[in-house]
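Residue-level structural notes
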Amino acid sequence: MVTRHQVLVASNRGPVSHTLGEGGELTVKRGGGGLVSGLSAVKGDAVWVCAALGEGDREAVRRTGGELDPADTGGQRVRMLDIAPDVFADAYNGIANSVLWFVHHMLYQTPTEPVFDAEFERQWRSYEAYNAAFADALAQEAAEGAAVLVQDYHLTLVPAMLRERRPDLRIGHFSHTPWAPPDYFRVLPDDPDGGVAAEVLRGILGADRAAFLTRRWAGAFADCCVKLLGAEVSVADGGDEMIVTHEGRETRIGVHGLGADAEFLRERSRRPDVEDRIALLRGQIGRGPDGEPRRTIVRVDRTELSKNIVRGLLAYRRLLTDRPEWRGRVVHVAFAYPSRQDLAVYREYTDEVARVAEGINAEFGEGDWTPVELHLKDDFARSLAAYRLADVALINPIRDGMNLVAKEIPVLSDGGCALVLSREAGAFAELAEDAITVNPYDIGATADALHQALTMDPEERAERTKRLAAAATALPPTKWFLDQLNALRD
């Protein structure tokens, strides 16, 4: 007999991943983040539906039938779907990461891309099949009237598909990325009767409630529904939410800004492995000509194209060029962890980050001073160590749904941290008042902002950091998740 659940979460990536050893043994690694914290706080019957991402995950599905052992998942019920590898690759890399992600981050080089040809149409059919597999699994797992929280651009079609299968359910969709404005969103094939753009919008409007990280992204989604579907938008009672009405159905539009998990970060950042890495980083950073510890400009990012790491490095080079007094007195601690390396454009971008950093070191480095301390290997403890050492945090994305690093560094910085923040980060909506704002494309202005941050009065920096940390932790992951669940049930 199938166990039916009252709360369901659906996402491409689940709370655990598996590695298959040469001898056939499976190693389980647990992940973190807001969904893990939030679902753990749910009282009662809950299940997480996710996809097998690699051969280790697929082997785990074969051995368990997809119902993972709670001993491996921290006690959470997890159903992992073994979607055919070619279908998964088309849906995940071909559509989700190479089309929808690019649209919402507005990163296409439009003279040459995108090209919506027969290959795209084939991959889109895989994306539909991938979403249908999730809808089928959720329909099977859900108890009568259950609440289902569907996550992100990988699963935009699931709400409408699930609505057809199980109209009794309360369905929510949450977008973790920005949402493109109508003029850019309709780069997608936009035939209102059957185009991809309309299918994505109708897919999400199958939900009872669609939620976003900021009002800006929520407003862009509503505008797309009006311009592309002819939907109507009104303000809900109380004025906190919008309602999109289309084809006789209403979908409420909510906003939930994800905050930093202060309790976890503070505890984790005081463990011995972090203290060890602080000592190592201090040794790499060293002391300036005056004998004082060098100042630190810290960034921690994955090498996603939206993070704008290269322009950040160019701004740092401009700082050293225009203000030679900083030579030998500051180090840019840059952690750029490779992301999506199965896509050529990401591999090329990671290589460019390394090339620019090496060029700065070759141009300016001397004696024991290495201007850029670049690390490409992911190390969470080292990231936390850098957070604590940061005098300045450089967060300059071209476009970002939220950017938790902008919130995490002020929470952990030992001596107070000046935040240089792009106006295009979702976190800007909450942190702008105490950050130094930059246009992410303006190298000269970003260099000036770095100088302003480095020369900020220590007392002012400490006060700003205190206010930034308070704003950053106002909506911790558990509250972020439970607020969505409660709003869906209301």
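Residues numbered from 1 in each chain as written. Predicted model: local features only at pLDDT ≥ 70, side-chain atom pairs only at ≥ 80, totals over all residues. Heavy atoms only, no water.

Short version of the rule: UniProt positions are given in the numbering used here, feature names are shortened, and annotations may be inferred rather than shown by experiment.
Looking at an unreviewed UniProt entry, the chain carries the name Trehalose 6-phosphate synthase, with the source organism given as Streptomyces pini. Looking at the Sequence similarities (unreviewed entry) heading of the UniProt record, one finds this comment for the chain: "Belongs to the glycosyltransferase 20 family."

Looking at the packing of helix 11 (residues 309–322) against helix 16 (residues 443–454)
Test applied: The angle between two axes is taken between their N-to-C directions and runs from 0 to 180 degrees, where each axis is a line fitted to C-alpha atoms and a helix contributes only its stretch in contact. Put simply, DSSP marks the helices as runs of H or I at least four residues long and the strands as runs of E at least two long, and each gets a number from the N terminus on. Angles below 35 degrees are treated as roughly parallel, those above 145 as roughly antiparallel, those between 65 and 115 as roughly perpendicular, and all remaining angles as oblique. Put simply, a crossing is left-handed when the front helix is turned counterclockwise from the back one by less than a right angle, and right-handed when it is turned clockwise. Whether two residues touch is decided by their heavy atoms; if any such pair falls within 4.5 Å, the residues are in contact. All residues other than Ala, Val, Leu, Ile, Met, Phe, Trp, Tyr, Cys, Pro, Asp, Glu, Lys and Arg, Gly among them, are scored as polar; the first ten of these are nonpolar and the last four charged.
It is the contact of helix 11 with helix 16, at a shortest axis distance of 8 Å, that shows an interaxial angle of 65 degrees. Regarding the angle of helix 11 to helix 16, the classification is roughly perpendicular. In this structure, the crossing between helix 11 and helix 16 has a hand that is right-handed. Residues Arg-311, Leu-314, Ala-315, Tyr-316, Arg-318 and Leu-319 of helix 11 form the contact with helix 16, whose own contacting residues are Ile-443, Gly-444, Thr-446, Ala-447, Leu-450, His-451 and Leu-454. Class assignment of the residues belonging to the contact of helix 11 with helix 16 gives a composition of eight nonpolar, three polar and two charged.

Considerations on the packing of aromatic side chains
What counts, and what does not: Centres within 6.5 Å are what make two rings of Phe, Tyr or Trp a pair, Trp counting through its six-membered ring; a difference in plane orientation under 30 degrees is then read as stacked, over 60 as edge-to-face, and the rest as tilted. Three labels apply to residues, based on accessible area from a 1.4 Å probe with only protein chains included: buried if under 20% of the type maximum, exposed if over 50%, partly exposed otherwise in between. When the NZ atom of lysine or the CZ atom of arginine is within 6 Å of a ring's centre and also within 35 degrees of its normal, the charge is said to sit over that ring.
Under the defined criterion, the tally for this structure stands at 17 aromatic pairs. For the ring pair Trp-101 and Phe-102, a centre distance of 5.5 Å and an interplane angle of 70 degrees mean the geometry is edge-to-face. Of the residues examined, Phe-102 reaches a relative accessible area of 6% and is grouped as buried. By way of ring pairs, the aromatic residues Phe-88, Tyr-92, Phe-116, Phe-120, Trp-124, Tyr-127, Tyr-130 and Phe-134 are connected into one cluster. Lying over the aromatic face of Phe-335, Arg-382 brings its terminal NZ or CZ to 5.0 Å of the ring centre.

Some remarks on the pairing of strand 7 (residues 170–175)
Within a regular beta strand, the side chains point alternately toward one face of the sheet and then the other, so they alternate between its two faces. The test is simple: Note on pairing: DSSP must find at least two bridges between two strands before they are called paired. Look down the strands so they point away from you; if going from the first strand over the helix to the second traces a clockwise path, that crossover is right-handed.
For strand 7, the tally of buried residues reaches five of six residues, placing the bulk of the element in the interior. By the bridge criterion, five bridges tie strand 6 (residues 142–151) to strand 7 in an arrangement that is parallel. Paired with Gln-151 across the bridge in strand 7 is Phe-174. Following the backbone out of strand 6, through helix 5 (residues 158–165) and into the adjacent parallel strand 7, one traces a crossover that is right-handed. Of the strand pairs in this sheet, strand 7 and strand 8 (residues 209–212) are connected by four bridges, and their pairing is parallel. Note that in strand 8 the partner of Gly-172 across the bridge is Arg-209.

Side note on the layout of surface pockets
Defined as follows: Cavities and pockets were defined on a 1 Å grid built over protein atoms only: a cavity is a set of grid points that admits a 1.4 Å probe from which the probe cannot escape, a pocket is an open set flanked by protein on both sides within 12 Å along at least five of seven lines, and lining residues are those with an atom within 4 Å of any such point. Grid points are joined across faces, edges and corners, and a volume is the space filled by probe spheres set on the points. Bear in mind that the domain bounds are from an automatic or database domain assignment.
Put simply, the second largest pocket is a space of about 380 Å³. Around the second largest pocket, the lining is made up of 14 residues, and of these Leu-107, Gln-109, Leu-305, Tyr-349 and Ile-398 lie nearest the centre. Of all the secondary structure elements, the ones that give two or more residues to the lining of the second largest pocket are helix 11 and helix 12 (344–364). Element by element, the count of residues in the lining of the second largest pocket is highest for helix 12, at three residues. Residues that form the lining of the second largest pocket fall into these classes: nine nonpolar, two polar and three charged. When we break the lining of the second largest pocket down by domain, the ones giving at least three residues each are domain 1 (5–258 + 478–488) and domain 2 (262–472).

Let's talk about the sheet that holds strand 13 (residues 330–337)
Read across the sheet, six strands follow the order 14-13-12-15-16-17 without closing on themselves; strand pairing throughout is parallel. Each of the sheet's edge strands pairs with one partner strand only, and the pair in question is strand 14 (372–375) and strand 17 (436–438). Put simply, the sheet's adjacent strands are angled 20 degrees from each other on average, direction ignored. As defined by bridge partners, strand 15 (residues 392–395) adjoins strand 16 (residues 418–422) across four bridges and the pair is classed as parallel. The partner of Ala-393 across the bridge, within strand 16, is Leu-419. Seen against the sheet, helix 14 (residues 405–412) touches strand 12 (295–302), strand 15 and strand 16 and runs at an angle of roughly 175 degrees to strand 15.

Observations concerning the side chain of Asn-308
Selection rule: Under the rule applied, a polar contact is a pair of N or O atoms within 3.5 Å (in protein, one hydrogen donor and one hydrogen acceptor; residues adjacent in sequence only if both atoms are side-chain atoms).
Take Asn-308: it is sitting in the loop between strand 12 and helix 11. There is a polar contact of 2.8 Å between the side chain of Asn-308 and the side chain of Arg-311.

Quick word on the pattern of salt bridges
What counts here: Every case where a carboxyl oxygen of Asp or Glu lies within 4 Å of a side-chain nitrogen of Lys or Arg is listed as a salt bridge.
Enumeration according to the criterion identifies 39 salt bridges in this entry. Residues Arg-216 and Glu-424 are paired through a salt bridge, measuring 2.9 Å at the closest nitrogen-oxygen approach. Linking Arg-216 in helix 8 (residues 215–229) with Glu-424 in the loop between strand 16 and helix 15 (428–431), this pair joins segments that are 208 residues apart in sequence. In this structure, Arg-318 and Asp-322 form a salt bridge, with 2.6 Å as the shortest nitrogen-oxygen distance. In this pair, Arg-318 and Asp-322 are both assigned in helix 11, four residues apart and thus about one turn of the helix distant. Relative accessible area serves as the criterion here: at 44%, Asp-322 is assigned to the partly exposed category.

Structural notes on empty space enclosed by the protein
To find leftover empty space, a probe the size of one water molecule is rolled over the atoms. As enumerated under the stated definition, the model contains one cavity of 30 Å³ or more in all. As a volume, the largest cavity reaches approximately 60 Å³. If you go around the largest cavity, the residues you meet are Leu-149, Val-150, Gln-151, Gly-172, His-173, Phe-174, Arg-209, Ala-211, Gln-484 and Leu-488. Sorting the residues of the lining of the largest cavity by element identifies strand 6, strand 7, strand 8 and helix 18 (477–489) as the ones contributing at least two each. When the residues that make up the lining of the largest cavity are grouped by side-chain class, the tally is five nonpolar, four polar and one charged.

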